[in-house]
Amino acid sequence: QVQLVESGGGLVQPGGSLRLSCAASGSIPSINTMGWYRQTSGKERDLVATITTLGSTNYAGSVKGRFTISRDNAKNTVYLQMNSLKPEDTAVYYCHLGKGGIGLAWGQGTQVTVSS
């Protein structure tokens, strides 16, 4: 079983920055994909960015050039650096870990609010 614990959400003004972290523990596959998804009330959970163990990344078009995903494999931790934040980035952000297209765990979610 895998557990994910997120941190780093909060309130930020438009144009500001936040960094999210997600630490994984438990029975973590050596080869895996970690990522971030976000969800607003009444909508589906959408992909933000993913990163494989080898560092291959994938981003949603709406965040390309503003968000950067990275990971520290030694710490089993994934990060999401969010710059130039917009009000439409407001959502609950969830960390995810999967292997071979199979989801293994979700974090509890962390609220990001972009507002003046």
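Whatever comes next refers back to the structure up there.
Thresholds, definitions, all that
Residues numbered from 1 in each chain as written. Predicted model: local features only at pLDDT ≥ 70, side-chain atom pairs only at ≥ 80, totals over all residues. Heavy atoms only, no water. Helix = DSSP H or I, 4+ residues; strand = E, 2+ residues; numbered from the N terminus. Buried < 20%, exposed > 50% of the residue type's maximum accessible area, 1.4 Å probe, protein only. Contact = heavy atoms within 4.5 Å. Areas by Shrake-Rupley, 256 points an atom, 1.4 Å probe, with all protein chains shown as cover. Lys, Arg positive; Asp, Glu negative; His and termini not counted. Charge placed at Lys NZ, Arg CZ, Asp CG, Glu CD. Phe/Tyr/Trp six-rings, centres within 6.5 Å; stacked < 30°, edge-to-face > 60°. Disulfide = S-S within 2.5 Å. Core = buried A, V, L, I, M, F, W, Y, C linked by side-chain atoms within 4.5 Å. Pairing = 2+ DSSP bridges.

Draft legend 1. Broad picture of the overall build of the chain. For the chain, the count of helices and strands is zero helices and eleven strands. The helix and strand sequence of the chain, counted from the amino end, reads β-β-β-β-β-β-β-β-β-β-β. By principal-axis analysis of the C-alpha atoms, the chain measures approximately 40 × 25 × 20 Å. Out of the 116 residues belonging to the chain, those deemed buried represent 42%. Sequence separation of at least 24 residues holds for 51% of the intrachain contacts in the chain that already meet a minimum separation of 6. Carbon and sulfur atoms provide 48% of the accessible area of the chain, an area that totals close to 6,000 Å². Separation of charge centres in the chain, based on 10 positive and 6 negative side chains, amounts to 5 Å.

Draft legend 2. How the structure looks around the packing of aromatic side chains. Across all of its chains, the model carries two aromatic pairs by this definition. Ring plane angle 75 degrees and centroid distance 5.1 Å describe the contact between Tyr-37 and Trp-106, whose orientation is recorded as edge-to-face. Pair noted here: Tyr-37 is in strand S4 (residues 33–39) and Trp-106 is in strand S10 (residues 102–106), with a separation of 69 residues, a long-range link. The exposure class assigned to Tyr-37 is buried, which follows from its relative accessible area of 19%.

Draft legend 3. Representation of the state of the cysteines within the structure. Using the criterion set out here, one finds one disulfide in the structure. Through a disulfide, Cys-22 is tied to Cys-95; the S-S separation comes to 2.1 Å. Judged by the sign of its S-S torsion, about -85 degrees, the cystine formed by Cys-22 and Cys-95 is left-handed. With Cys-22 in strand S3 (residues 18–26) and Cys-95 in strand S9 (residues 91–99), the pair connects residues that are 73 residues apart, well separated along the chain. The exposure class assigned to Cys-95 is buried, which follows from its relative accessible area of 0%.

Draft legend 4. Just the nonpolar core, in detail. Within the largest apolar cluster, 28 residues are counted, with the highest numbers of intra-cluster contacts made by Leu-4, Trp-36, Leu-80, Met-82 and Tyr-93. The set of elements that each furnish at least two residues to this core consists of strand S1 (2–7), S3, S4, strand S5 (46–52), strand S7 (67–72), strand S8 (77–82), S9 and strand S11 (110–114). When residues no more than four places from it in sequence are discounted, the contact partners of Met-82 are Gly-16, Ser-17, Leu-18, Leu-20, Arg-66, Phe-67, Tyr-93 and Val-112.

Draft legend 5. Representation of the pairing of S7 within the structure. Residue alternation in S7 divides its side chains into a buried set, Phe-67, Ile-69 and Arg-71, and an unburied set, Thr-68, Ser-70 and Asp-72. Joining the antiparallel neighbours S7 and S8 is a turn of four residues, in which Asn-76 adopts a positive phi near 50 degrees.

Draft legend 6. Region of the structure containing the pairing of S9. Most of S9 sits out of view: seven of its nine residues are buried. One ladder, built from seven bridges, connects S4 with S9; its direction is antiparallel. Residue pairing across strands places Trp-36 opposite Cys-95, the latter belonging to S9. With three bridges connecting them, S9 and S11 associate as antiparallel partners. Bridging from a neighbouring strand, Tyr-93 pairs with Thr-110 of S11.

This is a description of form; function is not addressed.
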